[in-house]
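Understanding the architecture of this molecule
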Amino acid sequence: MQLKGESMKKIDINSESLQKIQLEKEKCIGCKLCMKGCPMLHEFCESPDNLLDQLSREKKVDYKLPYSCLLCGYCTVVCPKDVDLKEMFYSLRENIVLETKGKLPKDLGATSVKFHQKNSFSRMFSTDIIGLGENSDIVFFPGCSIMAYSPEIVDKTYKYLKDKIPGIGIYLKCCGKPTFSIGYTEEFDHYYGILKAAFKKNGIKRVVTTCQNCFNTIKNNSSDIEVIPLWEIISEIGVPEEVKGKGKGIDLVFSIHDPCPTRHESKTHDSIRNILNEIGIGYNEMKFNRENTLCCGSGGMVSLTNNTIALTQKKRRANESKEEYIVTYCEECVGSMKKGGKKAVHILDLLFNEDIYNSFNQEEINTMKRWFNRYKGKMKFKNVRKDNI
């Protein structure tokens, strides 16, 4: 169960996690179908049923094991018995947080997560809900990643939405998913509570998201909120006039990478393809697409917790594309495809970034510049009122 050549500390498994392990153990028939698309299981076991049996017997877990799972859910999609290793591994993450009293081993990168979350909810990089029209109940929630890449794209996207949906506000805040993913559930409840309070105070009933993780986080934690992917709005009301048919003269073909967090959102998948058709961009489907898509390698914070597995998956996923160019609708996925050796763009580049048509490849942006972009975006939007944008 140990990674080759690595000695790892074992953590006691509590009763709640043992129950989940036993539940999945009883379902697993050892067919190994999940191992064909999973980047981490073969590093720890010969088969998942053997792994589950060992965990059940030993009642201890190497801390690297659950923090090597991308939490992408592919295992359950292909499993004939609906074995849910994602939920089990996440339970073990929570288990380890409890057993270590929140002081996770340094090589899991929890300090970086805490730094990111503290800053993401600070006044320096976030805002309250702003620009909301009178009696409006809808807000645009762009998320951290796309703002870190390009505040200009966020600005143009919001202007597009304001033109189509008068009164829509904007909310620059993190959804708290990094804290949740690492297993800090109490801290996540605190952070997400900030969003809940803001939604309630402003009478928000609808939230438009660009980030797939934000979509799931808000959907799963605010049952009274309708979460609407931006792509469904653009697909329904049309792309900006200036990019309609713009891709028809371009002699390039892209591969579409579908992000794993929204693998079950078929309307989102259709909307993305409708948008590309309206722009006139040529594209091919990857072998693993839509609900069967594979994680880009950035899922579950594994780039921090086990970067060897993350990087291997990024290279694998990128090279499953027969094309040199990849288009996706998650900024983290763009970065993964580039690290995997391909040229990649976000679909918002094709819609609101005319410079991308010169290279069809996002520029490299270091961590410092990403934080600066978030600060720049916050300063740009902080004084937004319903009538001045």
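Whatever comes next refers back to the structure up there.
Residues numbered from 1 in each chain as written. Predicted model: local features only at pLDDT ≥ 70, side-chain atom pairs only at ≥ 80, totals over all residues. Heavy atoms only, no water.

**Quick notes on the sheet that holds strand β11 (residues 343-346)**
Strand order in the open sheet formed by four strands is β9-β8-β10-β11, with parallel pairing between adjacent strands. Two strands lie at the open edges of the sheet, namely β9 (282-285) and β11, each paired on one side alone. Recorded for the sheet is a direction-independent mean angle of 35 degrees between the axes of neighbouring strands. Here strand β10 (residues 325-328) runs beside β11; their pairing, made up of four bridges, is parallel. Looking across to β11, one finds that Thr-328 is bridged to His-346. (Pairing = 2+ DSSP bridges. Helix = DSSP H or I, 4+ residues; strand = E, 2+ residues; numbered from the N terminus. Axes fitted to C-alpha atoms, helices over the stretch in contact; angles between N-to-C directions.)

**Some points on the pairing of β9**
As judged from the four bridges shared by strand β8 (residues 253-257) and β9, these two strands associate in the parallel manner. Across the sheet, residue Ser-255 finds its bridge partner in β9, namely Asn-284. Since β8 and β9 lie parallel, the crossover through helix α13 (residues 266-279) that links them has a hand, and here it is right-handed. (Right-handed = clockwise from strand over helix to strand, strands pointing away.)

**Describing the packing of helix α8 (residues 151-164) against helix α18 (residues 367-381)**
Pairs of packed helices are described in terms of their axes, by the angle between the two and the distance that separates them. Closest axis-to-axis distance for the α8/α18 pair is 9 Å, and the angle between their directions is 35 degrees. Between α8, through Pro-151, Glu-152, Val-154, Asp-155 and Tyr-158, and α18, the contact on the second element is made entirely by Asn-373, Lys-376, Gly-377, Lys-380 and Phe-381. Across the contact of α8 with α18, the residue classes tally to four nonpolar, two polar and four charged. (Contact = heavy atoms within 4.5 Å. Nonpolar A, V, L, I, M, F, W, Y, C, P; charged D, E, K, R; others polar.)

**Side note on helix α16 (residues 331-339)**
Every buried residue of α16 is accounted for by Glu-331, Cys-333, Val-334, Ser-336, Met-337 and Lys-338. Against the buried residues of α16 lie α7 (144-149), β8, α15 (307-319), β10 and β11. Gly-341 occupies a position one or two residues after α16 and carries a positive phi of about 105 degrees. (Buried < 20%, exposed > 50% of the residue type's maximum accessible area, 1.4 Å probe, protein only.)

**Section: the environment of Gly-280**
Looking at where Gly-280 falls in the secondary structure, it is placed in the loop between α13 and β9. A C-alpha to C-alpha distance of 20 Å links Gly-280 and Gln-362, two positions 82 residues apart in sequence.

**Re the packing of helix α1 (residues 15-27) against helix α5 (residues 85-99)**
Interaxial distance between α1 and α5 falls to 9 Å at its minimum, and their mutual angle equals 165 degrees. Judged by the angle between their axes, α1 and α5 are roughly antiparallel. Handedness of the crossing formed by α1 with α5: left-handed. Mapping the contact onto sequence places Ser-17, Lys-20, Ile-21 and Glu-24 in α1 and Glu-87, Met-88, Ser-91, Leu-92 and Asn-95 in α5. Grouping the amino acids of the contact of α1 with α5 by side-chain chemistry returns three nonpolar, three polar and three charged. (Parallel < 35°, antiparallel > 145°, perpendicular 65-115°, else oblique. Left-handed = near helix turned anticlockwise from the far one by under 90°.)

**Some remarks on the sheet that holds strand β4 (residues 138-141)**
Pairing between the strands of a sheet is mediated by backbone hydrogen bonds and can be parallel or antiparallel. Ordered by their spatial adjacency, five strands build an open sheet running β3-β5-β4-β6-β7, and the pairing between neighbours is mixed. A single partner strand is all that each edge strand has here, and the edge strands are β3 (129-130) and β7 (226-229). Of the strand pairs in this sheet, β4 and strand β6 (residues 206-209) are connected by four bridges, and their pairing is parallel. The partner of Val-139 across the bridge, within β6, is Val-207. Across the sheet, helix α10 (residues 185-201) lies against β3, β4, β5 (169-171) and β6, angled at about 165 degrees from β5, the strand it touches most.

**Considering the pattern of salt bridges**
This structure, assessed with the given rule, holds 23 salt bridges. A salt bridge links Glu-152 to Lys-376; its shortest N-O distance comes to 3.1 Å. Pair noted here: Glu-152 is in helix α8 and Lys-376 is in helix α18, with a separation of 224 residues, a long-range link. For Lys-376, a relative accessible area of 32% translates into the label partly exposed. For the salt bridge of Lys-338 with Glu-364, the shortest nitrogen-to-oxygen distance reads 3.2 Å. Of this pair, Lys-338 sits in helix α16 while Glu-364 is found in the loop between α17 (347-352) and α18, placing the two residues 26 residues apart along the sequence. Residue Lys-338 is classed as buried on the basis of its relative accessible area, which comes to 16%. Here Glu-364 falls in the exposed class, since its relative accessible area comes to 63%. Ionic contacts of the salt-bridge type, sharing partners, join the residues Lys-25, Asp-53 and Arg-57 into one network. (Salt bridge = Lys/Arg side-chain N within 4 Å of Asp/Glu carboxyl O.)

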